[in-house]
Amino acid sequence: MRAIVQRINSCVLSVDGKEVSRCGFGYLVLLGFTQGDTREKADYIVNRIVNMRIFRDGEGKLNLSLKEVGGQVMAVSNFTLYANPATGRRPDFSSALNHAEAKPLYDYTVNKFKELLGNVAQGAFGEHMHLETNLDGPVTVVFEK
């Protein structure tokens with residue numbers, strides 16, 4: 001499982017020109033799944049993300065977590081996180097988990113975020129999505145388990 005976390009001021013997600021979800025200050029979390037991924041891996045990644053300290057404290061140090069600052073999450077499925085661009089001109093996506101197996105893991109991961117944070121914005125699994133994101137920092141962190 002891979003997660004790309006970007007600290008954001010805001011994010012709006014749309015499909016076919018219609019807004020699907022939005023969130024404010026917090027994280028955009030792009031989620032990719034591969035063979036061997038489990039709920040336990042998702043639990044680990046979600047807990048690491050929610051408790052990671054990359055928000056500034058009163059002294060300007062990256063010392064506060066998403067929970068501590070009351071931040072939000074926009075969770076978006078992204079099979080291209082498992083693209084292998086090493087061969088040819090078209091990336092190989094065969095390491096990405098297929099749709100039928102990835103969807104339940106994505107749903108589980110979103111629900112885990114909801115358990116820990118309350119309301120969570122999310123993408124439209126399997127759809128072509130457009131994201132309007134206002135990055136903060138920018139701060140970007142990669143998680144893999």
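Note that the structure is predicted; figures quoted are calculated from it, not measured.

*Asks:* Go over the pattern of salt bridges, please, and point to the residues and values.
*Replies:* A complete count under the given rule lists 7 salt bridges for this structure. The closest approach of N and O atoms between aspartate 43 and lysine 112, which form a salt bridge, is 3.8 Å. Pair noted here: aspartate 43 is in helix H1 (residues 39-51) and lysine 112 is in helix H3 (residues 99-117), with a separation of 69 residues, a long-range link. The same class applies to aspartate 43 as to lysine 112, namely buried. Among the ionic contacts, a cluster of salt bridges with common partners joins Asp43, Lys112 and Glu115.

*Asks:* Could you give an account of the packing of H1 against H3, with specific residues and numbers?
*Replies:* At a minimum axis separation of 10 Å, H1 and H3 run at an interaxial angle of 40°. Accordingly, the angle class assigned to the pair H1 and H3 is oblique. Crossing angle aside, the handedness with which H1 passes H3 is right-handed. Here Arg39, Ala42, Asp43, Val46, Asn47, Ile49 and Val50 of H1 lie close against H3, whose contacting residues are Leu105, Tyr108, Thr109, Lys112, Phe113, Leu116 and Leu117. Of the residues contributing to the contact of H1 with H3, the split by class is 9 nonpolar, 2 polar and 3 charged.

*Asks:* Before we move on, could you go through the pairing of strand E6 (residues 72-77) and cite the residues and values that matter?
*Replies:* The element E6 is extensively covered by neighbouring structure, given that 5 of its 6 residues are classed as buried. Two elements, E6 and strand E7 (residues 121-122), share 2 bridges in a ladder whose sense is parallel. Looking at the pairing, alanine 75 lines up with glutamine 122 of E7. On the question of chirality, the crossover connecting E6 to the parallel E7 by way of H3 is right-handed.

*Asks:* Mind laying out H3, listing which residues take part and the relevant values?
*Replies:* Helix length check: H3 (19 residues) gives 26 Å between terminal C-alpha atoms against 27 Å at 1.5 Å per residue, within 8%. Looking only at H3, the buried set comprises Ala102, Leu105, Tyr106, Tyr108, Thr109, Val110, Lys112 and Phe113. Two or three places before alanine 100, at the start of H3, stands the capping residue asparagine 98, its side-chain oxygen 3.1 Å from that residue's backbone nitrogen. Glycine 118, located one to two residues past H3, shows a positive phi value of around 95°.

*Asks:* Now, about the state of the cysteines: what can you tell me, with residues and values included?
*Replies:* Following the criterion strictly, the structure yields 0 disulfides and no others. Cysteine 11 provides the cysteine sulfur closest to cysteine 23, a residue in no disulfide bond, and the two sulfurs are 5.5 Å apart.

*Asks:* Describe the side chain of lysine 112, listing the residues and the values that go with them.
*Replies:* Accessibility expressed as a relative area gives 16% for lysine 112, which makes it buried. Non-local contacts of lysine 112, meaning those with residues more than four positions away in its chain, are made with Asp43 and Val46.

Thresholds, definitions, all that
- Residues numbered from 1 in each chain as written.
- Predicted model: local features only at pLDDT ≥ 70, side-chain atom pairs only at ≥ 80, totals over all residues.
- Heavy atoms only, no water.
- Salt bridge = Lys/Arg side-chain N within 4 Å of Asp/Glu carboxyl O.
- Helix = DSSP H or I, 4+ residues; strand = E, 2+ residues; numbered from the N terminus.
- Buried < 20%, exposed > 50% of the residue type's maximum accessible area, 1.4 Å probe, protein only.
- Axes fitted to C-alpha atoms, helices over the stretch in contact; angles between N-to-C directions.
- Parallel < 35°, antiparallel > 145°, perpendicular 65-115°, else oblique.
- Left-handed = near helix turned anticlockwise from the far one by under 90°.
- Contact = heavy atoms within 4.5 Å.
- Nonpolar A, V, L, I, M, F, W, Y, C, P; charged D, E, K, R; others polar.
- Pairing = 2+ DSSP bridges.
- Right-handed = clockwise from strand over helix to strand, strands pointing away.
- Expected span 1.5 Å × (residues − 1).
- Polar contact = N/O pair within 3.5 Å; in protein donor to acceptor, adjacent residues only side chain to side chain.
- Disulfide = S-S within 2.5 Å.

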